[in-house]
Amino acid sequence: MSADLTHVTTWLFDLDNTLYPAESGFMGEIERRMTAFVQRVTGLERDEAYRLQKSYLAEHGLTLVGLMREHGVDPKDFHAIFHNMSLEALAHDPELIAAIARLPGRRLIFTNADDIHAERVLEHLGLTDLFEDVFHIGSAGYDPKPSRAAFERMNAAHAIAPAETAFFEDSVRNLEPAAALGMTTVLVGPHAPANGSPFVHHRTEKLVPFLRNAQLKEAA
């Protein structure tokens, strides 16, 4: 059954593992680089660095924030490790471009990545011109999703009406504050169909079929 999204005028998308499929393996390379960075900063062995990486993610909402607070890491140094990544794993998908292009109203990116990473990925996917703006971790003052403050800053920056907004994410915990604010939430990814979270309104393994089949507001 197609989702009724006729009330939506603002389309909010996470970036990584949402606008491209998790099975691409691209996030795996991001995680490996992140672990290597934690090793350099702390001097820990790889397994210990990985555990610390994940504990900072759980405690602070983002590994970077833990590194900033506990080790004085400059976020520019952290983000730089991703700026030379190969994007070959990310496929240019004409069907994705067409599915997003048909969405009426505003389209925005809301990501815990930095602006350079987001711009590189969007350009490679051929999506740059389809989005009005990127609200990135710097825009949020390094207060990442899923913090309520990040959502409030993003809403204020773009005058977003939550009741008319759909938010697409691969992370359930990032959808919880969106649902609490009144947004329509869509969980994306291979784990989505089996998820029973009350904060998720729609679930889809694949983004393109969901967007293509959704009921949308008719153009005025």
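Because the structure is a prediction, the values reported are computed rather than measured.

Parameters and conventions
Residues numbered from 1 in each chain as written. Predicted model: local features only at pLDDT ≥ 70, side-chain atom pairs only at ≥ 80, totals over all residues. Heavy atoms only, no water. Helix = DSSP H or I, 4+ residues; strand = E, 2+ residues; numbered from the N terminus. Rg over C-alpha atoms; globule rule 2.2 N^0.38 Å. Buried < 20%, exposed > 50% of the residue type's maximum accessible area, 1.4 Å probe, protein only. Contact = heavy atoms within 4.5 Å. Areas by Shrake-Rupley, 256 points an atom, 1.4 Å probe, with all protein chains shown as cover. Lys, Arg positive; Asp, Glu negative; His and termini not counted. Charge placed at Lys NZ, Arg CZ, Asp CG, Glu CD. Axes fitted to C-alpha atoms, helices over the stretch in contact; angles between N-to-C directions. Parallel < 35°, antiparallel > 145°, perpendicular 65-115°, else oblique. Nonpolar A, V, L, I, M, F, W, Y, C, P; charged D, E, K, R; others polar. Pairing = 2+ DSSP bridges. Arc of directions from axis to C-beta. Salt bridge = Lys/Arg side-chain N within 4 Å of Asp/Glu carboxyl O.

### Side note on the overall build of the chain
Argument step 1. When you go through the chain residue by residue, the secondary structure sums to nine helices and eight strands.
Argument step 2. For the chain, whose C-alpha radius of gyration is 17 Å, the value lies close to the compact-globule estimate of 17 Å for 220 residues.
Argument step 3. Its C-alpha atoms give the chain principal-axis dimensions of roughly 60 × 35 × 30 Å.
Argument step 4. Residue burial in the chain is summarised as follows: out of 220 residues, 48% are buried.
Argument step 5. If you take every contact in the chain between residues at least 6 apart in sequence, the share linking residues at least 24 apart comes to 63%.
Argument step 6. If you sum the accessible surface of the chain, you get close to 10,200 Å²; carbon and sulfur atoms cover 50% of it.
Argument step 7. Measuring between centres, the 20 positive side-chain charges of the chain sit 2 Å from its 31 negative side-chain charges.

### Observations concerning the packing of helix H1 (residues 26–42) against helix H3 (residues 63–71)
Argument step 1. Packing of H1 against H3 brings their axes to within 12 Å, and their N-to-C directions diverge by 5 degrees. One way to sum up the angle between H1 and H3 is to call them roughly parallel. Taking contact as the criterion, the partners of Met34, Phe37, Val38, Val41 and Thr42 in H1 are, on H3, Thr63, Leu67 and His71.
Argument step 2. Looking at the contact of H1 with H3 residue by residue, the classes come out as five nonpolar, three polar and no charged.

### Regarding the sheet that holds strand E7 (residues 202–204)
Argument step 1. What the six strands build is an open sheet, ordered E4-E3-E2-E5-E6-E7; its pairing is parallel. The outermost strands of the open sheet, each flanked by one partner alone, are strand E4 (133–135) and E7. Taken pair by pair, the neighbouring strands of this sheet meet at an average axis angle of 20 degrees, ignoring direction.
Argument step 2. Examined bridge by bridge, strand E2 (residues 10–13) and strand E3 (residues 106–110) share four bridges and lie parallel to one another. Paired with leucine 12 across the strands is leucine 108, a residue of E3.

### A few points about helix H7 (residues 148–158)
Argument step 1. Inspection of H7 places Ala150, Phe151, Met154, Asn155 and His158 among the buried residues, and these make up the whole buried set. Take H7 and look down its axis: the buried residues cluster within an arc of 130 degrees, on one side only. Seen from the buried face of H7, the exposed residues on the opposite side, beyond 90 degrees, are Ala156 and Ala157.
Argument step 2. Where H7 is buried, its residues touch E2, E3, E4, strand E5 (165–169) and helix H8 (172–181).
Argument step 3. Just downstream of H7, alanine 159 is the residue with a positive phi angle, here 50 degrees.

### What to know about the pattern of salt bridges
Argument step 1. Scanning the entire structure with this criterion turns up ten salt bridges.
Argument step 2. Glutamate 169 is paired through a salt bridge with lysine 145; the nearest N and O atoms lie 2.7 Å apart. Placement of the pair is glutamate 169 in strand E5 and lysine 145 in the loop between E4 and H7, with a sequence separation of 24 residues. Take glutamate 169 and lysine 145: they sit in the same class, and that class is buried.
Argument step 3. The closest approach of N and O atoms between arginine 148 and glutamate 152, which form a salt bridge, is 3.3 Å. Here arginine 148 and its partner glutamate 152 are both found in helix H7, four residues apart, which amounts to about one turn of the helix.
Argument step 4. Residue classification places arginine 148 among the partly exposed residues on the basis of a relative accessible area of 43%.
Argument step 5. For glutamate 152, a relative accessible area of 42% corresponds to the partly exposed category.
Argument step 6. A cluster of three or more residues bridged by salt bridges with shared partners is formed by Asp14, Lys145 and Glu169.

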